[in-house]
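Chain by chain, the residues run as shown.
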Amino acid sequence: MDGRQEFESHSSEPPVVVEMRGIIKRFPGVLANDHVDFKLYQGEIHALLGENGAGKSTLMNILAGLYRPDAGEIYVKGKLVHFSSPRDAIKAGIGMIHQHFMLVPSQTVTENILLGLDQPRFILRLSEYHQKIAEFAERFGLKIDPKAKIWQLSVGEQQRVEILKMLYRGADILIMDEPTAVLAPQEIEALFITLRKMVSEGKSIIFISHKLHEVMEIADRVSVLSKGKVTASGVPAKGITRQELARLMVGREVLFRLDKKEQAPGDVVLQVEDLHAENDKGLPALRGVSLTVRAGEIVGLAGVAGNGQRELAQVITGLRKCTKGKILLNGEDITNQPVSYSIQRGLGHIPEDRTHVGTSPNLSITDNVIMKKYRQPPIARGMVIDMNQASQFAQQLVATYDIMVPTIRTPARLLSGGNLQKVILAREISGNPRLLVAVQPTRGLDVGAIEGIQRLLLTQREAGAAILLISEELEELISLSDRIYVIYEGKIMGEVTDGNIEVIGLMMTGTPMEQIRQGVQ
Amino acid sequence: MDPIIILQAGVASGTVLLFATIGEIFAERSGVLNLGVEGMMLLGAMSAFSITVKTGNPWLGLLVAMLAGGLISQIHAFISIHLQADQVVSGLALGFLATGISLVLGEGLSKAGTVSLMPSFSIPVLSQIPIVGPIFFTRHSVLTYFGYLLIPAAWYYINHTRPGMNLRAIGEFPAAADTLGINIYRLRYFYVFLGGVMAGLAGATISLAIAPGWFSEMTTAGQGWIAVGLVIFAQWDPIRAAFGSYTFGALRRLILDIQGPTTILGLRNPFYYNPYWGFFLQMLPYAFTIIVLVIGSREAIRKRLGAPAALGTPYIRGERGL
């Protein structure tokens, strides 16, 4: 009823298409949404900002019909709705484009778009639909080959299929869950153009993000969630600064400057020569990668997800065999050697999967931090682990690295992402590594924790460690790295020393450095 | 040792594997691995034979066998879909249960004597084609002919119909199907049921057509396991499954026949003079099954073979994107 009034009283403004009121959603042990109100006007891009775990995705999954709220009301175009499945939400015109694309990799673009629809009734005459879908895509300026299988498409193209899927269902309210997380800079530009075009045609878009600069660029209005509560509701994006947004997200001031000291790199610590390796499917993942990392420098590896970064990190850290090529650590050959061999020679590893590779979730923090030290005295006493020494060591790390834990006997699985990552970093750094391979060290962490982790990496750089930083966050790579290599389909496209984001972007989409240089000349 | 006769008998006995394999393909394409095929087949064979003995109507026997297979499969469906238990364990348990029920209810059935069988006939015109005619279209059971129709039908259904597209989607990436409003649980129950029906049909095909009678566990003699192996060998494709089923059927027959003559190609037949060599041959299909299952259980190889990506994993909404 109230929604109705609002709808009319602001008749000079664009109409409200979605209104969520007093939404509460609990998960075991977490209050994900705590009395959240949210309002979306027609024809706007409304950014929903917040750290990981702030409740953005939960709120939007409720709007998309995937979860049911414990309390609260949702009005769509003035009408009270109760969604019991995504199908209901789609019928009401709400389509969600998930962060992990909801596409069946082995099926074609057309099949993915038709999936779950009532037409065709029984027999799939795909050839008829190919034409229809190509024309439909053209209308929105989204070029796509309807016959291609999803796994053959780039991430940017897959996202286009996701958008098309929703438009084809007649969605006029699109929820985009961190749509830029997996895209190269040029693809992000293309996405933004598409979004603006859709808005100009009267569609409304909710843009979920935790990246401030993107929100400032694309959004008309911003709402901020922090720990399940709304801290800013529909603020115009024009009138707000980055610092203010960050404060609303985190609840405290955040420094955006990292002091990176000028320093000359030392000797070559990691040398990778013509490395070849296969992925889990047995297809070539690395096709002749060569790179070097020197002492006291951070070398970034940029690339769109799935171009061989994971395999490269695994081969260097000894978790995957290479089929060809050589890896030298301080001049010593560690190619296809056991992991312990490389660890003894100064390898530290911050793996991508911090909950299963980085730690053992059911073991205590003490057990997790002594994993690289339990064989040597003082923690090892012959065959026995000296638990007093182990606890002391754990206490010391917890204090030094400011890790928030109830006790050192707490199982690792109960820690938050940021604290878990600090446990891993503490363990790896305490061994004074010569080489530190860090894969996505800040992924999924809140702004405050990211800052802490980045500082620790810079400290290691000053202490003379060679750091290979593999990340999909370009901003992070550019601010931390001394040099950046770009990987594409298992090959190094080139190396950037000045942090030129356009050159990096071009290489991320497959243009080698030589071509870019020729283009300039 | 007439090759035509071996192949003809191979097609007949391969029909059993064909039904069971295609049924399991449907279940696995939906994401549910059911290792209870052998047990469900035995239940089908027992109920088909038992009903036919009592009523004299093999068609009724066939129907009951299919229903029995379908119904008992729902235990596995409930445990693995709703309770999200390990599919391997649940499937094995189902197999034991179904085998046990069959043996108890089939007690004394082996002395039942003759029953009226499924009709056999030759197809006019087609049976006159040289070589192909005698192998595929002469004096076969009606079930064998049904098998011929089933192969393209199953292939077409999976690849060229809307429900088939949904089936592939829920086995590959159920979350995507779920966000588009496809009811994953309902479909998985249905395809596990279909797999059970087909296993029941396969069992009935043995006891009513291919090797009539009831011989306790030896009725199916591990063919359900061969079917499970064939699914992997066939890479979840009905046409390849047909090829594998008929080949294995012919192999079974060849292994029996090769022990008969005293000479082969003018040489002393070692299988005649050393009868225990025949046991070795008889073992081969099962050894093949073990090898295929071991290879197929490796994640990397499964991916390469094109296994449904979600095979063996229960679907729980909200695991992603939370």
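So, how was this worked out
Residues numbered from 1 in each chain as written. Chains lettered and ligands numbered in written order. Predicted model: local features only at pLDDT ≥ 70, side-chain atom pairs only at ≥ 80, totals over all residues. Heavy atoms only, no water. Helix = DSSP H or I, 4+ residues; strand = E, 2+ residues; numbered from the N terminus. Buried < 20%, exposed > 50% of the residue type's maximum accessible area, 1.4 Å probe, protein only. Areas by Shrake-Rupley, 256 points an atom, 1.4 Å probe, with all protein chains shown as cover. Lys, Arg positive; Asp, Glu negative; His and termini not counted. Charge placed at Lys NZ, Arg CZ, Asp CG, Glu CD. Domains from an automatic or database assignment. Contact = heavy atoms within 4.5 Å. Buried area = accessible area lost by both parts, 1.4 Å probe. Polar contact = N/O pair within 3.5 Å; in protein donor to acceptor, adjacent residues only side chain to side chain. Phe/Tyr/Trp six-rings, centres within 6.5 Å; stacked < 30°, edge-to-face > 60°. Salt bridge = Lys/Arg side-chain N within 4 Å of Asp/Glu carboxyl O. Pairing = 2+ DSSP bridges. Axes fitted to C-alpha atoms, helices over the stretch in contact; angles between N-to-C directions.

Regarding the overall build of chain A
The number of helices and strands found in chain A is 18 helices and 22 strands. The dimensions of chain A, computed from C-alpha atoms along their principal axes, are 75 × 55 × 45 Å. Expressed as a percentage of its 521 residues, the buried residues of chain A come to 53%. Here chain A has roughly 23100 Å² of accessible surface; of this, 50% comes from carbon and sulfur atoms. Counting 60 positive and 61 negative side-chain charges, chain A places the centres of these two groups 4 Å from one another.

Quick look at the domain arrangement of chain A
Residues and elements named next belong to chain A. We note that the domain assignment places domain 1 (14-250), domain 2 (258-346 + 434-521) and domain 3 (357-431) within chain A. Taken residue by residue, the interface counts 13 residues in domain 1 and 14 residues in domain 2. Surface buried jointly by domain 1 and domain 2 totals about 1100 Å² across both partners, of which 61% is contributed by carbon and sulfur atoms. The tally of links between domain 1 and domain 2 comes to two residue pairs in polar contact (both at pLDDT 80 or more).

Structural notes on the packing of aromatic side chains
In the structure shown here, the tally under the stated rule is 19 aromatic pairs over all chains. Ring centres of Phe136 of chain A and Phe140 of chain A lie 5.4 Å apart, and the angle between their planes is 55°; this geometry places the pair in the tilted category. Side by side, Phe136 of chain A and Phe140 of chain A carry an identical accessibility label, which is buried. With centroids separated by 4.7 Å and ring planes inclined at 45°, the aromatic side chains of Phe248 of chain B and Phe288 of chain B adopt a geometry described as tilted.

Quick notes on the side chain of Glu44 of chain A
Residue and element names in this part refer to chain A. Along the chain, Glu44 turns up in the loop between strand S2 (30-41) and strand S3 (45-49). The class for Glu44 is buried, based on a relative accessible area of 6%. Looking at Glu44, its side chain comes within polar contact range of the main-chain nitrogen of Tyr41, at 2.8 Å. Excluding residues within four positions of it along the chain, Glu44 makes contact with Lys39, Val199, Lys203, Ser204, Ile205, Asp220 and Arg221.

Details of the interface of chain A and chain B
Interfaces are often sized by the accessible area lost when the parts come together. Contacts between chain A and chain B engage 36 residues on the former and 29 residues on the latter. Buried area between chain A and chain B, both sides added, is near 2700 Å², and the carbon and sulfur share of it is 62%. In terms of surface lost to chain B, no three residues of chain A exceed Met102, Leu115 and Phe122 of chain A, which account for 20% of the buried area on that side. Linking chain A with chain B are one salt bridge. Residue Glu111 of chain A is joined to Arg168 of chain B by a salt bridge in which the shortest nitrogen-to-oxygen separation is 2.7 Å. Run the count over chain A and chain B and you get eight residue pairs in polar contact (both at pLDDT 80 or more). At the level of elements, helix H2 (56-63), helix H3 (86-91), helix H4 (109-114) and helix H6 (155-168) of chain A are the ones that each hand at least two residues to the side of chain A that touches chain B.

Some thoughts on the sheet that holds S2 of chain A
Strands belonging to one sheet form pairs held by backbone hydrogen bonds; the direction of such a pair is parallel or antiparallel. Residue and element names in this part refer to chain A. One open sheet accounts for four strands, arranged S2-S1-S4-S5; its pairing is antiparallel. Each end of this open sheet is capped by a strand with a single partner; those strands are S2 and strand S5 (79-81). Between one strand axis and the next, the sheet turns through 25° on average, direction left out of account. Two elements, strand S1 (residues 16-27) and strand S4 (residues 71-76), share five bridges in a ladder whose sense is antiparallel. Note on S4: the bridge partner recorded for Met20 is Ile74. Sheet strands touched by H2: S1, S2 and S4. Its angle to S1, the strand with the most contacts, is close to 120°.

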